[in-house]
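# An overview of the molecular structure
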Amino acid sequence: MDAVVEGLEPQAATAEDAARDATDAVDAGPGVTPLLAGNRLSLDLYPRGCHRLLHLCAQQPHQLLEVEFLQLSGHEDPQLLEATLAQVPGSLLRLRSLVLKGGQRRDAGGASLRGSLTTLPAGLSGLACLAHLDLSFNNLETLPACVPQMRSLGALLLSHNRLSELPEALGALPALTFLSVTHNRLQTLPTALGALTTLQRLDLSENLLDTLPPEIGGLSSLAELNLASNRLQSLPASLAGLRSLQLLVLHSNLLVSVPAGLDRLPLLTRLDLRDNQLRDVPPELLDAPFVRLQGNPLGEAPPDPCSPPGTPVVREMPRLFLTSDLDSFPVTSQGCSVTLACGVRLQFPAGATATPVTIHYRLWLPEPRLVPLGPHDSLLSGVLELQPHGVAFQQEVGLWLLFVPPRARRCREVVVRTLSDDSWSDLETQLEEEAPKRLWAHCQVPHFSWFLVVSRPVSDTCLVPPEGTLLCSSGHPGVKVTFPPGATEEPLHVCMQVVRMASRELRALLGEPEGAVSPLLGLSQSGDPSFLRPVTVQLPLPPGVTGLSLDRSRLHLLYWAPPAATWDDITAQVALELTHLYARFQVTHFSCPPRYWLWYTTKTCVGGLARKAWERLRLHRVNLIALQRRRDPEQVLLQCLPRNKVDATLRRLLERYRGPEASDTVEMFEGEKFFAAFERGIDVDADRPDCVEGRVCFVFYSHLKNVKEVYVTTTLDRQAQAVRGQVSFYRGAVPEEVPEEAEAARQRKGADALWMATLPIKLPRLRGSEGPGQRLGASLSLAPLNLGDAETGFLTQSNLLSVAGRLGPDWPAVALHLGLPYRELQRIRHEFRDDLDGQIRHMLFSWAERQAGQPGAVGLLVQALERSDRQDVAEEVRAVLELGRRKYQDGIRRTSLAPGDLGPSGPSASQSLEPAQA
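Residues numbered from 1 in each chain as written. Predicted model: local features only at pLDDT ≥ 70, side-chain atom pairs only at ≥ 80, totals over all residues. Heavy atoms only, no water.

## A closer look at the overall build of the protein
To be explicit about the condition: Under the DSSP-based scheme used, a helix requires at least four consecutive residues in state H or I and a strand at least two consecutive residues in state E, with every element numbered from the N terminus. In this description, contact between two residues means that some pair of their heavy atoms is separated by no more than 4.5 Å. Calculation of accessible area relied on Shrake-Rupley with a 1.4 Å probe; when residues are assessed, cover is drawn exclusively from the protein chains displayed.
Within the protein, the secondary structure is distributed over 16 helices and 50 strands. The contacts in the protein between residues at least 6 apart in sequence include a share of 62% that link residues at least 24 apart. Surface summary for the protein: the accessible area is close to 42600 Å², and the carbon and sulfur share equals 51%.

Printed below as a string of structure tokens:
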């Protein structure tokens, strides 16, 4: 939970901004006004921050009267910090927010270090206006006595300390609305906690609590309560009296029961009871949609307390949380619960495997040959591969996949699709909503393969016995298929999908206001496509048409089955039986699978119109954008966006990027390939797996982010003038022979042109004597260097030079996230003053030399780039690693040294696939 205090400005600032401000302050001197930014005084990343504050208190006390927000580092000398804080009450009379966090420094493994703060001076209780106090990531073992005396305090943050208890005096804070004491050592809670009647959010997760005081039921204003990851075995009945409670998180405890009445809390929208020891819960909670109960032994018999000595004790199921640098984990007969770095969750029940097995996973970027989609399907996730393929488990494994919520939900459903026995099938899927835009697709899988989440039209299925049956559409009740007795000798699975077309789109296509169509019916079956007796199909008449008033000459029954390219008018080949609302006809087989469509129009050649209408049903209207980063024009963002998201996306991006307006609207199919080609002297400046001869490949999926960031270069002379180039977007895969620009321009004018849009790209003129090839390599003499290994991928000196060339002014943030101390940053700035490239290269290569031979160094670099908001460079590093892995594996295969499962197996083992970025 994040603290939100009414009237306070946001406290968070990026490491980049903090480092830049710190540099300005150091250059300017310790007592100047640039230290003050309005009513904020931020000294948490400054060297000698306490000295600076003491200097300000002595030299410029009048300026401190306006300060309302103060940030100091908890890593200062404890005695100096206490002496400095003692000056605060007399100098900062209007102080409303005091942040004394540790955590700015990191150890060799990149973990945040606690600050040195162990207490606070008693005089801080005199801060009459203080509403926000953050003491997180320090070494507090007891709560300072001055804190309960801060009568105006509204938010108190104490997470990541060493507190074993809270004082009873804490209940005397009349204005407290938010309290966070996560990641401490609390074993008990004070009974006076129940006196905090204004408290709205309480986070006590990651502690050692085994009981709660009954007085907790007195928190009459409490809306959110987080008690996850403690040792609670029971809950007080008074919890059912928290009438304002909206969120109650109790996962990862030892609960064997829950109090009655929780389901009757009027405002409760989420109750998380996952991973406890609940064997029996009230029926009301079992049926409640807001309750999460996964990971509990529901329905199992409790252990026998009288069992003889020597009876094996069932241990708690292990829980694993994998980081981004791990791609495998072990599973034993005990079972386990696993959360992958990509957000996927797996639940292996006890006994799922008799012998230990190592599970490997990988998340692939979608690729048409790997993503099987029906005509009206939409992809909602990446492709997850779990290995070993085909190994059957003795009990089904639970799988939870995150997916993008579909925009259209009416008459559609979300399913998990998997490869089994060389064919794709859809698993029975349940949806679980963790947040409004965070949805899980949950299914049970008997073995591992490839998995993805898709949105499809609602599929109604039935098993047709020899006695016959009736199959109705759940979304369109008027659509029915009647199987008479004797239609089949063996039971037969039949599936029905129905799709409706919007009337306004049809009228625009037909050009006649009275034209109308019925819902489109698709059918498929398993086994023999022929029936022993005719099957009756019923379709509703098109809207506005009745059987009493229609002109039969205008009614057309259309039929299509792949691989045909056109729709056939079969009106004259069947006997259409018309009622007031429906049309019925009989068929003797379902082939390929068939689709039926009823049209009412004055047009005579309806087949061609039906083909266009069917395409219109599957097309998405999109716009293309090409933007350049303001700080680094050589970094270009390319994206394909749904038309209704263009304005909002541009507003968000134009703070960091600049560029032309979006292209005109174009139409694309789900899963359609297209590529971006840089022209007029501009080319892609990287060896990328998705780049062929300077053409960047894309695959359009309407619900995924069709975005890539690339770096461009030019062979033209940028010292003389700016380079004005362009990027053009074309349909299809990159041609084997890339045409010259003049030939490509002529092709754009053809009737069936593959060209979609062209947008300008400008590389500004270079200033100074350095050319583009000199900026990275000048004055560089470093020993050969390789990070990583051959199997996972190397970063060579050339790769690191490329990374250094991309960082620009963001390098201090990356350095801090790599764990470099702030003092070293200052030394690098001083040693390479007036040489930004030298600063970046020295920082990166000196860090890399220290990491030589260390496992996980490349992963640490990728994480630092991501935390510094340089996802673009992180993706480029991953692409380089993947390219190296492929070359390594190809070399192993050529020398016949690799096991068969070294690369991806399954339907695309011989295909080139891209790994998705975490």
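Read on for the rest.
## Describing the packing of helix 11 (residues 797-807) against helix 14 (residues 836-851)
We count it as follows: Only the stretch in contact is used when a helix axis is fitted, and all axes are lines through C-alpha atoms; the angle between N-to-C directions ranges over 0 to 180 degrees. For this classification, under 35 degrees means roughly parallel, over 145 means roughly antiparallel, 65 to 115 means roughly perpendicular, and everything else is oblique. Should the near helix be turned anticlockwise from the far one by less than a right angle, the crossing is left-handed, and should it be turned clockwise, the crossing is right-handed. The nonpolar class holds Ala, Val, Leu, Ile, Met, Phe, Trp, Tyr, Cys and Pro. Asp, Glu, Lys and Arg form the charged class, and all remaining residues, Gly among them, are polar.
For the pair helix 11 and helix 14, the least separation of the axes is 9 Å and the interaxial angle reads 140 degrees. The pairing of helix 11 with helix 14 is recorded here as oblique in orientation. The element helix 11 and its partner helix 14 pack so that their crossing is right-handed. Contacts from Gln797, Leu800, Leu801, Val803, Ala804 and Leu807 in helix 11 reach Ile840, Arg841, Met843, Leu844, Phe845 and Ala848 in helix 14. Counted by class, the contact of helix 11 with helix 14 contains 10 nonpolar, one polar and one charged residues.

## Describing the nonpolar core
For the record, the criterion: By nonpolar core is meant a set of buried Ala, Val, Leu, Ile, Met, Phe, Trp, Tyr and Cys residues that side-chain atoms within 4.5 Å join together. Burial status follows relative accessibility: with a 1.4 Å probe on protein chains alone, a residue under 20% of its type maximum counts as buried, one over 50% as exposed, and anything between as partly exposed.
Leu158, Leu179 and Leu271 are the most contacted members of the largest nonpolar core, which has 75 residues in total. Excluding residues within four positions of it along the chain, Leu271 makes contact with Leu248, Leu250, Leu262, Leu285, Phe290, Val291 and Arg292.

## Digging into helix 4 (residues 78-91)
For the record, the criterion: Expected helix span is given by 1.5 Å per residue-to-residue step, counting one fewer step than there are residues.
Between its terminal C-alpha atoms helix 4 stretches 20 Å, which fits the 20 Å expected from 14 residues at 1.5 Å a residue. Turning to helix 4, the residues buried within the fold contact helix 2 (49-59), helix 3 (61-64) and strand 3 (69-72).

## Considerations on the UniProt feature "active site" (unreviewed entry) in the protein
Note the cut-off: UniProt positions are given in the numbering used here, feature names are shortened, and annotations may be inferred rather than shown by experiment. By the criterion applied in these results, polar contacts are pairs of N or O atoms within 3.5 Å in which, for protein atoms, one can donate a hydrogen and the other can accept it, and in which residues neighboring in sequence qualify only through two side-chain atoms.
The UniProt record annotates "active site" (unreviewed entry) at His447, Ser449, His589 and Ser591. Position of His447 relative to the elements: it lies in strand 24 (residues 438-447). Reaching out from His447, the side chain makes a polar contact with the side chain of Ser420 at a distance of 3.4 Å. Tracing the sequence through the fold places Ser591 in the loop between strand 36 (582-589) and strand 37 (595-600).

## Description of the pattern of salt bridges
Formally: Just to be clear on terms, a salt bridge is a Lys or Arg side-chain nitrogen sitting within 4 Å of an Asp or Glu carboxyl oxygen.
Within the structure shown, the criterion is met by 19 salt bridges. The partner of Glu224 in a salt bridge is Arg201, with the nearest N and O atoms 3.5 Å apart. With Glu224 in strand 9 (residues 224-226) and Arg201 in strand 8 (residues 201-203), this residue pair connects regions lying 23 residues apart in the sequence. For Glu224, a relative accessible area of 25% corresponds to the partly exposed category. Between Asp377 and Arg417 there is a salt bridge, and its shortest N-O distance comes to 3.1 Å. Taken as a pair, Asp377 in the loop between strand 17 (357-364) and strand 18 (378-379) and Arg417 in strand 21 (residues 412-420) lie far apart in primary sequence, 40 residues in all.

## Topic: the packing of helix 6 (residues 503-510) against helix 7 (residues 606-618)
Between helix 6 and helix 7, whose axes approach to 11 Å, the crossing angle comes to 140 degrees. On the basis of their axis angle, the class for helix 6 and helix 7 is oblique. Along this stretch, helix 6 crosses helix 7, giving a crossing that reads as right-handed. Across the interface between the two elements, Glu505, Leu509 and Leu510 from helix 6 touch Leu609, Lys612, Ala613 and Arg616 from helix 7. Its residues assigned to classes, the contact of helix 6 with helix 7 comprises four nonpolar, no polar and three charged.

## Concerning unusual backbone geometry
Here the bond from Gln387 into Pro388 is cis, since omega is 5 degrees, no more than 30 degrees from zero. Position of Pro388 among the secondary structure elements: in the loop between strand 19 (383-387) and strand 20 (392-403). Within the chain, His160 stands out as a residue other than glycine whose phi angle is a positive 55 degrees. Summarising the element assignment, His160 is placed in the loop between strand 6 (155-157) and strand 7 (178-180). A positive phi angle is found at Ser252, which is not glycine, with a value near 60 degrees.

## Points about helix 14
Taking 1.5 Å of rise per residue, the 16 residues of helix 14 would be expected to cover 22 Å, and the 23 Å separating its terminal C-alpha atoms lies within 8% of that figure. Of the residues making up helix 14, those classed as buried are Gly838, Gln839, Ile840, Arg841, Met843, Leu844, Phe845, Ser846, Trp847, Ala848 and Gln851.

## What to know about the side chain of Glu672
Topologically, Glu672 is positioned in the loop between strand 41 (666-669) and strand 42 (673-679). Polar contacts involving the side chain of Glu672 include one to the main-chain amide nitrogen of Phe669, which spans 2.9 Å.

## A word on the packing of aromatic side chains
Think of a pair of aromatic rings as described by two things: how far the centres are apart, and how the planes are tilted against each other in angle. This is how it is decided: Between 30 and 60 degrees the pair is tilted, below 30 it is stacked and above 60 it is edge-to-face, where a pair is any two Phe, Tyr or Trp rings, Trp via its six-membered ring, whose centres lie within 6.5 Å.
Counting across every chain of the model gives 17 aromatic pairs. Here the aromatic rings of Phe348 and Phe393 are separated by 5.9 Å at their centres, their planes lie at 65 degrees, and the arrangement is edge-to-face. Linking Phe348 in strand 16 (residues 345-348) with Phe393 in strand 20, this pair joins segments that are 45 residues apart in sequence. Both residues of the pair, Phe348 and Phe393, belong to the buried class.

## Regarding the sheet that holds strand 35 (residues 577-578)
Our working rule: A pair of strands is considered paired only if DSSP assigns at least 2 bridges between the two.
Pairing is antiparallel in the open sheet, where five strands are placed in the order 27-28-32-36-35. Strands at the two margins of the open sheet, each flanked by one partner only, are strand 27 (469-472) and strand 35. Here seven bridges tie strand 32 (residues 530-540) to strand 36, and the two strands are oriented antiparallel to one another. Looking at strand 36, one finds that Gln538 is bridged to Arg584.

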